[in-house]
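Residue-level structural notes
Listed here are the chains, written in short residue letters.
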Amino acid sequence: MRRLIVYISAFLIVNTALMANTFSLSFDQNMTDNVFQNRYSERDQLSSLSFYLDKDFSKVSLFTEGNFAYLYDNPSLSYYVHDAGLDYLHAVNEKTAFYFSVIGQGAFYRSDYTDFNYLSLHFLGAFKTYLSPTSILKSNYAFEYKSFSYSLFDFVSHALDVSFDTYFQTRTTIKAELSWGHKYYLHPDSSQEEVIEEGQGFRGGRDSYIYMPRAIYEGKAVQIFSVGGLIAQGLGSKIGLSLSGMKQWTLSGENPFTSVEEFYVVENPSYDRFSWEGFQASGQLTILVPWNIELKMGYTRSEKEFPGIESMDLEGNPLGVIRQDMRDMFEVRAEKDFPSFSVFLSYFYVNNRSNDPFFDWQGNFFSTGLEWNVFFGGKK
Amino acid sequence: MRKSRYVILILSLLIVQAAALGQETDHYYNVDTEKKVRGTILQIVMEPRYKDRSPFLIVILEEKKTKEMFNVEISPVRFFSQDFHKGEEMEVVGSIYSKDGQKNIIARQIRFRGEIFMLRDKHGFPAWRGGEMKLKKKRKGKRF
């Protein structure tokens, strides 16, 4: 399977590069005072350079994208991610269409983080139809296979999302969503010999390796279900307000490792939509200010419990309770699009409170970036 | 044995691609006919616009001032990434052309719900991308 992904990806990358229609280049600069998102705040800066190429032929488009990120204070966490894929859109009639995409992806981390290296294959099938001019029904199915250097993380997942929205003359949109997901860990009982020596750790603080497989673990799959809703209101042509909420349950299973954590910008395989249950609510205000600058301000509150993950004290001793986090997040973002390039500036503040003291943290996150597009071929 | 299977797979992909090359288009973006139109969405449809290309999302817009109707050509993939409804307001900047007695706009920029979407560059080259629906990565800074 891994070899097949490599062959297909290599084909798509070379092929797309030779015949590109669109080429875009982007550069982002990110700064934070808490790159590992834990109580021992550690500053870092991350520079990220990405390129994107695509080529349409007939109803199929090929695309490929590469992203290199360098961390100044933690260069061993720098990484390169590349993906290549194709997509196809099929209209059934004027009101209904299907969309399919297949993407091969590889992530390569430097030195200490080679455990995070992976090859993956994604498939997405989407369906959308207008039930009436003001009501939309949508459904997505996503399949993902990921094979990591550290096999404890290997998985196959399926996710199905269905949503319905309707628009009223009061300029109000109401949307309801249902989601189901299933994640099957391929090697949840990886032997502990595969793990990097205890005590080496990826970062300061609790002195134990964090991704140990659990000693007692039954069943290989995690199954989740969620319901969500959104109310959006237009206030004049330049202001939009939206309120949304979602509640997620773990129907069965739990993570096979002993700890779950997120890193800033860098993907951490221990944390994803399957690792928690709880709720999330957010509000967002979008304003188009003078010079056509798009300004977004948002607040998100979440309460999450991580089934199977036990909180520990700062010495690494189990506290006998399941880890629970409460998070408040404020966001401000400004973006300006020019005909050939776009620039943005964003700031986040996060306050995460947890019954695991290691994950009691606050963080400030700044990002700024520039994206430049070049086009080749016909205007079509 | 396994290697030869991969070779066959890649050859098949190349054949399919070669067969699909050499497409021609019907009409082009003309910067000299650019116009800004602000109006209300009356209808949303998917329909073929260019030979052997994916069908386009077309928004039928009624201009506020003149009550004139325009068929606004958005892009193929926006059908999935953007939810337009009848009755919503939209402002479009694009190239106008007439066909079969109907006024059409090839949209370059749309302003919708307080957001601006650039669909083409200033010369009219498409700015949408394949894989629009792919799982979004951490582009343009992290979104928590």
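Nothing here was measured: the structure is a model prediction, and the numbers come from that model. (Residues numbered from 1 in each chain as written. Chains lettered and ligands numbered in written order. Predicted model: local features only at pLDDT ≥ 70, side-chain atom pairs only at ≥ 80, totals over all residues.)

Remarks on the overall build of chain A
When its secondary structure is counted, chain A shows 1 helix and 16 strands. Classification of the 380 residues of chain A by burial places 36% in the buried group. (Helix = DSSP H or I, 4+ residues; strand = E, 2+ residues; numbered from the N terminus. Buried ≥ 20, exposed ≤ 12 C-beta atoms within 10 Å, placed from the backbone.)

What to know about the environment of Val81 of chain A
Residue and element names in this part refer to chain A. With respect to the helices, strands and loops of the structure, Val81 is situated in strand E4 (residues 79-93). Residues Val81 and Phe108 lie 27 residues apart in sequence; the distance between their C-alpha atoms is 6.2 Å. Contacts of Val81, omitting those with residues within four sequence positions, involve Asn67, Gln105 and Ala107. (Contact = placed C-beta atoms within 7 Å.)

Observations concerning unusual backbone geometry
All names here are of chain A. The phi torsion at Gln37 lies on the positive side, around 50°, for a residue other than glycine. Of note, the phi angle at Trp291 is positive, near 65°, even though the residue is not glycine. Positionally, Trp291 belongs in the loop between strand E12 (277-289) and strand E13 (293-312). On the basis of neighbour counts, which here come to 6 C-beta atoms within 10 Å, the residue Trp291 falls in the exposed class.

Let's talk about the environment of Pro75 of chain A
Residue and element names in this part refer to chain A. Tracing the chain through its elements places Pro75 in the loop between strand E3 (60-71) and E4. The exposure class assigned to Pro75 is exposed, which follows from the 12 C-beta atoms found within 10 Å. Residues contacting Pro75, with those up to four places away along its chain left out, are Tyr70 and Arg110.

A word on the confidence of the model for chain A
Mean pLDDT over chain A stands at 86; residues scoring 70 or higher make up 85%. The model gives residues 193-205 of chain A a pLDDT under 50, and that stretch makes 20 contacts with residues more than four places away or in other chains. (pLDDT = per-residue confidence, 0-100.)

Overview of the nonpolar core
One finds Val59, Leu61, Val72, Val92 and Ala107 of chain B to be the most contacted residues of the largest nonpolar core, which totals 33 residues. Sort the elements by how many residues they give to this core and strand E2 (residues 56-63) of chain B lands first, with 5 residues. For Val59 of chain B, the contacting residues outside a window of four places in its chain are Ile41, Ile44, Val72, Ile74, Phe84 and Met90 of chain B. Grouped together as the second largest cluster of nonpolar side chains are 28 residues, Ala69, Leu77, Phe153 and Phe348 of chain A included. (Core = buried A, V, L, I, M, F, W, Y, C linked by C-beta atoms within 7 Å.)

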